[in-house]
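Architecture at a glance
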Amino acid sequence: MAPQKQISTVPEELAGLRLDQALARMFPEYSRSRLKEWLLAGAITIDGGAKRPRDAVRGGEMIALQPQADVEVEALPEPMQLDVVHEDDALLVVNKPAGLVVHPGAGNASGTLMNGLLHHAPQLEEVPRAGIVHRIDKDTTGLLLIAKTLTAHTALVRQLADREISREYLAVCNGVLTGGGTIDEPISRHPVDRKRMSVQQDGKPAVTHYTVLERFRSFTYIKVRLETGRTHQIRVHFAWRRHALVGDQVYGGRLALPKGASEPVVDVLRRFKRQALHAARLSFAHPATGETVEFEVPAPADFQVLLRILREDATVGGRSLHPTGRLPRTLRPAPPRNWRRLACCRASCNT
C-alpha cells in the first residue's frame, strides 16, 4: 500500500529559507537528501507546481508530499532462523551469529542477513538497505539494529550520525594492556590492499574507547565503545597498536603462540578462526516513543570457551596471576626463616 499523501502549508517563520531547507523543517521524519530526491522527481509540489531545491519560500505556500517507497533492495527473501532479541512496529534487534554476512555482495548473493530479514518482515523491501541501520563484520557476533519503517530508519540513522547510539563490544586482544584508553586515529582504505582498511592520516576520523576487563598471561579481555563507526574500526585500531584481536585472519597476521603456552591454550587458539569480537550492548532513543532503550546479549559459546581456557592458564595453584604473568608479591611463597643461613651454607659448600 502506497504511503498517504501529506498536505501542509509553509509556516511564515520559514520565509526566506531555501525550499529544501524548509521541507526538512516541515517534514523532520524524512532526511533532507530524500526530500530533495522526491522534489526533483515530482513527488513534492508547491502550490500545484514544481520548484527547484534552491528556490526561496515566502511562507503560506501549499506543499503536497507523496512519500515514495524506496524499492532499492535487490536481495530476495529467504527463510532463515533469526535470533530476535526485540521486535515492535518500528524496529527489530537481532543477535547475529558468526559466519553470517549482513548485506549481499560479490560472492554472497544469497544466504545473507538481509535475505532473512526480507522473509521475516516483507515490508522492509520499502526501507533503504532493508532497514539495516549499521553493520558488523561477517565473523563478528552480536546485536544489529533494523528499522521497520522509513520514519524509524530516518530517525535511527540520524542518531547514528550524531553519535547518539551507544554501541559496546567485548573483545580479546593479543598482548597485555596496562590500562584503558582511547585510540583516535583516522581510517581509510589500505593504499595497496583495497580489501583492507588501515590507519591513514588523510582518512576519516575514527575514535575507539576501551576498558580493560581482565588480564591473562599474554592476552587482554576488553570492553570497547565506538564513538565513530568506520569499516573494521576496532580491528584496525588494535592491530595498529600491535594488539590485534585474537583470531583475526585479516589484521592479525600469522598465529604466534605465546612462549610457554599450555596445551589447552595452543588448542583453543588454533581452533579460533575468527576475530574475538562481540557486539554486546546497544542503547538508543526509541524512534516512536523517544524513550531510551537498551539491549544486551552474552558472548557466544566459542568466545566463552576462549575466556575460560585463558583464565585457567592464568591461574597457578588456584591464585590469579598478576597482569605481567607473575604472581603478585603478596601471593608468592614466603622463603624459610633461615633462608640467609641456608644460602651461606650452600655458598661455602660450593667453594
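Everything below is about the structure shown above.
Everything quoted here is computed from the prediction, not taken from an experiment.

**A closer look at the packing of aromatic side chains**
Scanning the model with the defined rule gives three aromatic pairs in all. Centroid distance Tyr210 to Phe238: 5.3 Å. Interplanar angle 70°. Geometry classified as edge-to-face. Here Phe238 lies in helix α5 (residues 233-240) and Tyr210 lies in strand β11 (residues 207-215), a separation of 28 residues in the sequence. Using a relative accessible area of 2% as the deciding quantity, one classes Phe238 as buried. Measuring from centroid to centroid gives 6.1 Å for Phe284 and Phe295, while their planes differ by 35°, and the two rings are tilted. You can see Phe284 sitting in strand β13 (residues 277-285) and its partner Phe295 sitting in strand β14 (residues 292-296), a full eleven residues away along the chain. Taking relative accessible area as the criterion, Phe284 reaches 2% and is therefore assigned buried. Phe295 sits in the buried class, given a relative accessible area of 13%.

**Overview of the packing of helix α6 (residues 263-271) against helix α7 (residues 301-313)**
Direction vectors running N to C along α6 and α7 enclose 155°, while the axes themselves pass 9 Å from each other. Taken together, the axis directions place α6 and α7 in an arrangement best described as roughly antiparallel. Regarding α6 and α7, the two cross each other, and that crossing is left-handed. Here α6 contributes Pro264, Val265, Val268 and Leu269 to the contact with α7, which in turn contributes Val305, Leu306, Ile309, Leu310 and Asp313.

**Here we look at the packing of helix α2 (residues 32-41) against helix α4 (residues 150-161)**
Closest axis-to-axis distance for the α2/α4 pair is 11 Å, and the angle between their directions is 135°. Viewed along their axes, α2 and α4 adopt a mutual orientation that is oblique. Taken together, the residues of α4 that come into contact with α2 (itself represented by Arg32, Arg34 and Trp38) are Leu150, His153, Thr154 and Arg158. Split into classes, the residues belonging to the contact of α2 with α4 amount to two nonpolar, two polar and three charged.

**Some thoughts on the side chain of Gln233**
Tracing the sequence through the fold places Gln233 in helix α5. Here Gln233 falls in the buried class, since its relative accessible area comes to 2%. Not counting residues up to four positions away in its chain, the partners in contact with Gln233 are Ile187, Ala206, Val207, Thr208, Leu226 and Thr228.

Calculation notes
Residues numbered from 1 in each chain as written. Predicted model: local features only at pLDDT ≥ 70, side-chain atom pairs only at ≥ 80, totals over all residues. Heavy atoms only, no water. Phe/Tyr/Trp six-rings, centres within 6.5 Å; stacked < 30°, edge-to-face > 60°. Helix = DSSP H or I, 4+ residues; strand = E, 2+ residues; numbered from the N terminus. Buried < 20%, exposed > 50% of the residue type's maximum accessible area, 1.4 Å probe, protein only. Axes fitted to C-alpha atoms, helices over the stretch in contact; angles between N-to-C directions. Parallel < 35°, antiparallel > 145°, perpendicular 65-115°, else oblique. Left-handed = near helix turned anticlockwise from the far one by under 90°. Contact = heavy atoms within 4.5 Å. Nonpolar A, V, L, I, M, F, W, Y, C, P; charged D, E, K, R; others polar.

So far we have only geometry, and geometry alone does not tell us how the molecule works.
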